[in-house]
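# Reading the structure
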Amino acid sequence: MQTYLECVPCFLRQALDASRMVTDDVEVHERVVRDTLGLVEKMPFDHSPPAMGQKIHQMLREASGNPDPYSEVKASSNSFALELYPSLKQRVNAAEDRFATAVLLAIAGNIIDFGCKTRIEDDEVHQAVESALAPGEVKSNNGQIDVLREAIERSESILYLADNAGEIVFDRLLLEEMPIDRTTMVVRGSPVINDATLEDAERAGLTSVIKVIDNGSDVPGTILETCSESFKEKFRQSDLIIAKGQGNYETLNSEAGNIFFLLKVKCPVIARDIGCEVGRALVCRNQLVDW
């Protein structure tokens, strides 16, 4: 897996774009970018990009004085996704393979990511849905959807690591095709970018469908050493981990365990690491499977 070194230009752009999204104060923009340059100088090159993302957004929250700068964006994303949910549910119900359709729709929801973009148009989400359901998309995952299906069937304890607000409504489509009584959904421990927290899960109605816990961390991914002891214990005890998004791929791909990643590939560094093209909707298994 790549280190954060190749992503340095992205970090600087992310710091500037995020600060502009949060405030019009040019002094805050300059402070966040300068502090990001200082972090780049000090951070070890073997750290993952989400480790830097955590630091950038901690600085942004401090500089802006706003503990959750993306709260309005998250609320809007949840509302928009909830409006789409009934029609998406109908498409799952009408599908020949409900599970595969739900997997592809869950991945389509991964487009709702304000870590990569400062604005996401409604049409982009609609296009992602239609692309996900295009003929051949199941086959393009080389049987990995069936491998995931089999892993779910034989697992007694499943962790579903969520990614973004809004996207979690798309996740519900898949969760409802899974054994809910054996599955726990996991969100971030505190706000970072537009990643989903317990508050977002409640607003999106997920807490009435499935058990939801937080991981105790504000990393836009899952760096285990930053997570709570209770989450780490749950992680170790689970038969199967389903992890959404690039941040989880970047932080967990080298962890031992039965981990499946569901994501949209959004940058050339990740595409090269996986061996696919940018824009691909992907189901893949981690490199280190210990059972």
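For the structure, see preceding data.
Figured I'd write up the structure that's included with this text. This structure is a prediction, so every number in the text was calculated from the model and none was measured. (Residues numbered from 1 in each chain as written. Predicted model: local features only at pLDDT ≥ 70, side-chain atom pairs only at ≥ 80, totals over all residues. Heavy atoms only, no water.)

Pairing is mixed in the open sheet, where 6 strands are placed in the order β3-β2-β1-β4-β5-β6. Edge positions in the open sheet fall to β3 (211-214) and β6 (281-285), since each of these has one partner strand only. Geometrically, the sheet is characterised by an average inter-axis angle of 20° between neighbouring strands, direction not taken into account. When strand β1 (residues 158-161) meets strand β4 (residues 240-244), the two strands line up parallel, connected through 4 bridges. (Pairing = 2+ DSSP bridges. Helix = DSSP H or I, 4+ residues; strand = E, 2+ residues; numbered from the N terminus. Axes fitted to C-alpha atoms, helices over the stretch in contact; angles between N-to-C directions.)

Now for the side chain of Lys 74. Structurally, Lys 74 can be placed in helix α4 (residues 71-94). Take Lys 74: its relative accessible area is 1%, and that puts it in the buried class. When sequence neighbours within four positions are dropped, the list of residues in contact with Lys 74 reads Asp 68, Ala 165, Pro 191, Ile 193, Asn 194, Asp 195, Thr 197 and Asp 200. (Buried < 20%, exposed > 50% of the residue type's maximum accessible area, 1.4 Å probe, protein only. Contact = heavy atoms within 4.5 Å.)

Attention shifts here to the layout of surface pockets. Considered as a void within the structure, the largest pocket measures approximately 660 Å³ in volume. In terms of lining, the largest pocket is formed by 33 residues, of which the most central are Gln 14, Asp 113, Gly 115, Cys 116 and Gln 246. Sorting elements by how many residues they give to the lining of the largest pocket places helix α1 (residues 8-22) first, with 7 residues. Classifying every residue of the lining of the largest pocket gives 15 nonpolar, 9 polar and 9 charged. (1 Å grid on protein atoms, 1.4 Å probe; cavity = no way out; pocket = protein on both sides within 12 Å on 5 of 7 lines; lining within 4 Å. Points joined across faces, edges and corners; volume = space filled by probe spheres on them. Nonpolar A, V, L, I, M, F, W, Y, C, P; charged D, E, K, R; others polar.)

Counting residues in each nonpolar core, the largest one holds 68 residues, and the members touching the most others are Val 103, Leu 148, Leu 174, Met 178, Met 185, Leu 206 and Ile 242. Ranked by the residues each element gives to this core, the list is headed by helix α5 (residues 98-108), at 9 residues. Not counting residues within four places of it along the chain, the set of residues in contact with Met 178 comprises Phe 99, Ile 152, Ile 158, Tyr 160, Thr 183 and Ile 242. Core analysis: the second largest hydrophobic core is formed by 20 residues, Phe 235, Ala 243, Leu 252 and Cys 284 among them. (Core = buried A, V, L, I, M, F, W, Y, C linked by side-chain atoms within 4.5 Å.)

With that settled, consider the packing of helix α2 (residues 26-42) against helix α3 (residues 49-64). Between α2 and α3, the least distance of the axes is 10 Å, while the angle of their chain directions is 150°. If you check the angle between α2 and α3, you find them roughly antiparallel. When the axes of α2 and α3 are compared, the crossing they make is right-handed. Two secondary-structure elements touch here, α2 through Val 28, Arg 31, Val 32, Asp 35, Thr 36, Leu 39 and Val 40 and α3 through Met 52, Lys 55, Ile 56, Met 59, Leu 60, Glu 62 and Ala 63. Grouping the constituent residues of the contact of α2 with α3 by class yields 9 nonpolar, 1 polar and 4 charged. (Parallel < 35°, antiparallel > 145°, perpendicular 65-115°, else oblique. Left-handed = near helix turned anticlockwise from the far one by under 90°.)

What follows is about the packing of aromatic side chains. Think of a pair of aromatic rings as described by two things: how far the centres are apart, and how the planes are tilted against each other in angle. Applying the stated criterion across every chain, the model contains 2 aromatic pairs. Look at Phe 231 and Phe 235: their rings are 5.9 Å apart centre to centre, the planes differ by 55°, and that puts the pair in the tilted class. Of the two residues, Phe 231 and Phe 235 both sit in helix α11 (residues 229-237), 4 residues apart, roughly one turn of that helix. An angle of 75° between the planes, with centres 5.2 Å apart, marks the rings of Tyr 249 and Phe 261 as edge-to-face. In this pair, Tyr 249 sits in helix α12 (residues 245-252) while Phe 261 sits in strand β5 (residues 259-264), placing the two residues 12 residues apart along the sequence. Here the two residues Tyr 249 and Phe 261 agree in accessibility, since each one is buried. The residue whose ring lies beneath Arg 172 is Tyr 85, and the NZ or CZ to ring-centre distance is 4.8 Å. (Phe/Tyr/Trp six-rings, centres within 6.5 Å; stacked < 30°, edge-to-face > 60°. Lys NZ or Arg CZ within 6 Å of the ring centre and 35° of its normal.)

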